Amino acid sequence: MRLDVLIREVRACTLCAEHLPLGPRPLLQASANARVLLIGQAPGSVAHASGTPWSDRSGQRLREWLGVSEQVFYDASRFAILPMGFCYPGGGSGGDLPPRPECAPAWHGKLRTSLQHIELTVLIGRYAFGYELGDRYDNLTQAVQASADLLPEKIVLPHPSPRNNRWLARNPWFTKDVVPALQARVAAILNS
C-alpha cells in the first residue's frame, strides 16, 4: 500500500475513539524518504489541540537533544514521527495516561514497511523502548545507558517532559554523554 494512502487511513482511525476524552485526532509524520524515526508515547493535550506532534515544551527539549531546528524537525523527508498511541489518551493523576494499546499493533508494522531509508530509530520513553526492545533491559535508565551498544541504529531517550527534570538531575551522564552522541549521529545522517 502507498504510504500516503496509509497515512490517510491512520488519520481517519477511530479504533479506540470510545476511550479518548477529546476524541480521535491521530498525529504522525512520515515520508518514504525519512532517515530518522522518532517513536514516542502519545500526543499531549497541546499537540492534540494544535494538530502537530511535539508542539509543546517536551518537543522543544527533544529538538534541543537532537540538535535540530523546528524547520528540520518537521521536515517529513528527514524525520518520521510514529507515536505508540497516535491520539491524546487523556490525563491522569500523574500526567497523561499511557498510550492506547491498540495503536502500535494496528499501524506500526504497516507504516514501518514503507520507511525503507531509516538509519536511526529514537525510542522516547518507556512505552516505546518496551515495545521495541521487549525485556532486553530492566528499566528505562538501563536502556538509556546502553546507547553505546544500540547505536548507530537505535537509541533510547527518557521522555523530554519537564516532569522528568528530577531524572535528568539524577543522571547527569545523559546530558554529558548521550545527548552529544545523539546529536553527532543525527547530524551525520542529515548531512550525508
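Up top is the structure these notes are about.
As the structure is a prediction and not an experimental result, all values here were calculated from the model.

**A short note on helix H6 (residues 126-133)**
Residues Ala 128, Phe 129 and Leu 133 constitute the buried set of H6. Along the long axis of H6, the arc covered by the buried residues comes to 95 degrees, so they all point the same way. On its buried face, H6 sits against strand E1 (36-39), strand E5 (120-124), helix H7 (140-145), helix H8 (147-150) and strand E6 (154-157). Positive phi shows up at Gly 134, right after H6, with a value of about 60 degrees.

**Concerning the environment of Pro 26**
Its place among the elements puts Pro 26 in the loop between helix H1 (3-11) and E1. As for Pro 26 and Cys 16, which are separated by 10 residues in sequence, their C-alpha atoms are 11 Å apart.

**Focus on the sheet that holds E6**
Ordered in space as E2-E1-E5-E6, the four strands form an open sheet in which the pairing is parallel. Unpaired on one side and paired on the other, strand E2 (79-81) and E6 mark the two borders of the sheet. Looking at each pair of strands side by side, their axes are set apart by 20 degrees on average, direction ignored. Where E1 meets E5, four bridges bridge the pair, whose relative direction is parallel.

**Looking at unusual backbone geometry**
At the junction of Leu 151 and Pro 152, the peptide bond is cis and its omega measures out at 15 degrees in the coordinates. Tracing the backbone shows Pro 152 in the loop between H8 and E6. One non-glycine residue, Trp 54, lies in positive phi territory at about 60 degrees. Its location among the elements puts Trp 54 in the loop between helix H2 (45-50) and helix H3 (57-66).

**A word on the side chain of Ser 161**
Relative to the elements of secondary structure, Ser 161 occurs in the loop between E6 and helix H9 (165-170). Polar contacts involving the side chain of Ser 161 include one to the main-chain amide nitrogen of Arg 163, which spans 3.0 Å. Once residues within four sequence positions are removed from consideration, Ser 161 is found in contact with Ser 58 and Arg 61.

**A short note on the environment of Gly 92**
Inspection of the secondary structure assignment puts Gly 92 in strand E3 (residues 91-92). On the accessibility criterion, Gly 92 (37% relative accessible area) is partly exposed. Measuring from C-alpha to C-alpha, the distance between Gly 92 and Gly 130 comes to 21 Å, with 38 residues separating the pair along the chain.

**What about the packing of H1 against helix H5 (residues 103-113)?**
Two elements in contact, H1 and H5, have axes separated by 10 Å at closest approach and are oriented at 165 degrees. With respect to H5, the element H1 is oriented roughly antiparallel. As for the relative orientation of H1 and H5, their crossing is left-handed in sense. Residues Leu 3, Leu 6, Ile 7, Glu 9 and Val 10 of H1 form the contact with H5, whose own contacting residues are Trp 107, Lys 110 and Leu 111. Looking at the contact of H1 with H5 residue by residue, the class counts come to six nonpolar, no polar and two charged.

Rules used in this analysis
- Residues numbered from 1 in each chain as written.
- Predicted model: local features only at pLDDT ≥ 70, side-chain atom pairs only at ≥ 80, totals over all residues.
- Heavy atoms only, no water.
- Buried < 20%, exposed > 50% of the residue type's maximum accessible area, 1.4 Å probe, protein only.
- Helix = DSSP H or I, 4+ residues; strand = E, 2+ residues; numbered from the N terminus.
- Arc of directions from axis to C-beta.
- Contact = heavy atoms within 4.5 Å.
- Pairing = 2+ DSSP bridges.
- Axes fitted to C-alpha atoms, helices over the stretch in contact; angles between N-to-C directions.
- Polar contact = N/O pair within 3.5 Å; in protein donor to acceptor, adjacent residues only side chain to side chain.
- Parallel < 35°, antiparallel > 145°, perpendicular 65-115°, else oblique.
- Left-handed = near helix turned anticlockwise from the far one by under 90°.
- Nonpolar A, V, L, I, M, F, W, Y, C, P; charged D, E, K, R; others polar.

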